[in-house]
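These are the residues of each chain, in order.
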Amino acid sequence: MTQGLPQVVFRAMSEADHAALQSAVDILERTSFVERLAAATGRRIGFAGRMLPPDAQAFAAAAARRSLETALHVAVSSLAVTPRRDGGRLHQRLAAVSGAVGGAIGLASLPVELPVSTTIMLRSIADIARREGENLADPEALIACLQVFALGGHAEEGNLLEGGYLALRGLLAKSVTDAARFMGGRAAADATAPALARFLALVSTRFGVVVSQKAAAQAVPLIGALSGAAINLAFIRHFQRLAQGHFTVRRLERVYGREIVYGEYARMAGRTTAAEG
């Protein structure tokens, strides 16, 4: 009797998971921080990054990179042992307080305020990751949390992420793998190590766009502490939403396989190609 070739069985996506993926597509392809800022402050900011002079944009970009380095150390040292909980509202309140300080002081507060806000956001992202079944003892899951900070930066207002979420996953794939492999088994992370430095450089470039928009909004005269809190609340909610979309996709990948999820995602997003990563 001849042994037949192995049969590949494709599991049909459930109605609930199909709806969850559609929600993730809507979040990851259409979420705009500029629009969220406008709603938070009651004014149209425009492309906020262009409102900062070049020196101030460089200042914001440097603050973004240092904040991610701080977040990296937090990720390695404490996220995996933090008790499971839903701290979304607590994290939002903490971010609002941090933003109130930044709004009162202005752009000069960014190197102090941004690492605090970024760390608060990272802990909130980790809570979302756990709810979607991630094991934060796995370095790859920790890196996936930090990867969320790359998802929110669009080059221009109203311009969707070039190529979409799947393209960005593909762009980051090798650096994510290398960074996770480097972190495996380490109790501390050296942000200057080549694998981590490459990953942080890619993430910070996109995170810096949103940081510049946030800083520009806070630099508007008379914004004050109250609006500064509202801006930071919009900041954390933006990344919480992106995290929900990101970790929904990753959960579905574990259930149905990457090929099926990416193919359906690309169809929903109206794209013809799906990157790997």
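Heads up: these notes are all about the structure in this document. None of these values were measured; they are calculated from a predicted model.

So, the overall build of the protein chain
Of regular secondary structure, the protein chain possesses ten helices and zero strands. Counting helices and strands in the order they occur from the N terminus, the protein chain gives α-α-α-α-α-α-α-α-α-α. Counting across all 277 residues of the protein chain, residues that qualify as buried make up 55%. Summarising the internal contacts of the protein chain: among those between residues at least 6 apart in sequence, 82% fall at separations of at least 24.

Thoughts on the packing of aromatic side chains
Per the stated rule, a full pass over the model turns up seven aromatic pairs. For the ring pair Phe 207 and Phe 239, a centre distance of 5.7 Å and an interplane angle of 75° mean the geometry is edge-to-face. Taken together, the residues Phe 207 in helix H8 (residues 194-219) and Phe 239 in helix H9 (residues 224-256) connect sequence positions 32 residues apart. Each of the two residues, Phe 207 as well as Phe 239, counts as buried. Residues Phe 235 and Phe 239 carry aromatic rings whose centres are separated by 5.5 Å and whose planes lie at 85° to one another, so their mutual orientation is edge-to-face.

A closer look at the packing of helix H1 (residues 15-30) against helix H10 (residues 258-269)
Running from N to C, H1 and H10 cross one another at 60°; their axes reach a closest spacing of 10 Å. Taken together, the axes of H1 and H10 are oblique relative to one another. At the point where H1 passes H10, the crossing takes the right-handed sense. Here His 18, Leu 21, Gln 22, Ala 24, Val 25, Leu 28, Glu 29 and Arg 30 of H1 come into contact with H10, specifically with Val 261, Glu 264, Tyr 265, Arg 267, Met 268 and Ala 269. For the contact of H1 with H10, the per-class residue count stands at eight nonpolar, two polar and four charged.

Parameters at a glance
Residues numbered from 1 in each chain as written. Predicted model: local features only at pLDDT ≥ 70, side-chain atom pairs only at ≥ 80, totals over all residues. Heavy atoms only, no water. Helix = DSSP H or I, 4+ residues; strand = E, 2+ residues; numbered from the N terminus. Buried < 20%, exposed > 50% of the residue type's maximum accessible area, 1.4 Å probe, protein only. Contact = heavy atoms within 4.5 Å. Phe/Tyr/Trp six-rings, centres within 6.5 Å; stacked < 30°, edge-to-face > 60°. Axes fitted to C-alpha atoms, helices over the stretch in contact; angles between N-to-C directions. Parallel < 35°, antiparallel > 145°, perpendicular 65-115°, else oblique. Left-handed = near helix turned anticlockwise from the far one by under 90°. Nonpolar A, V, L, I, M, F, W, Y, C, P; charged D, E, K, R; others polar.

Distances and angles like these do not, on their own, reveal function.
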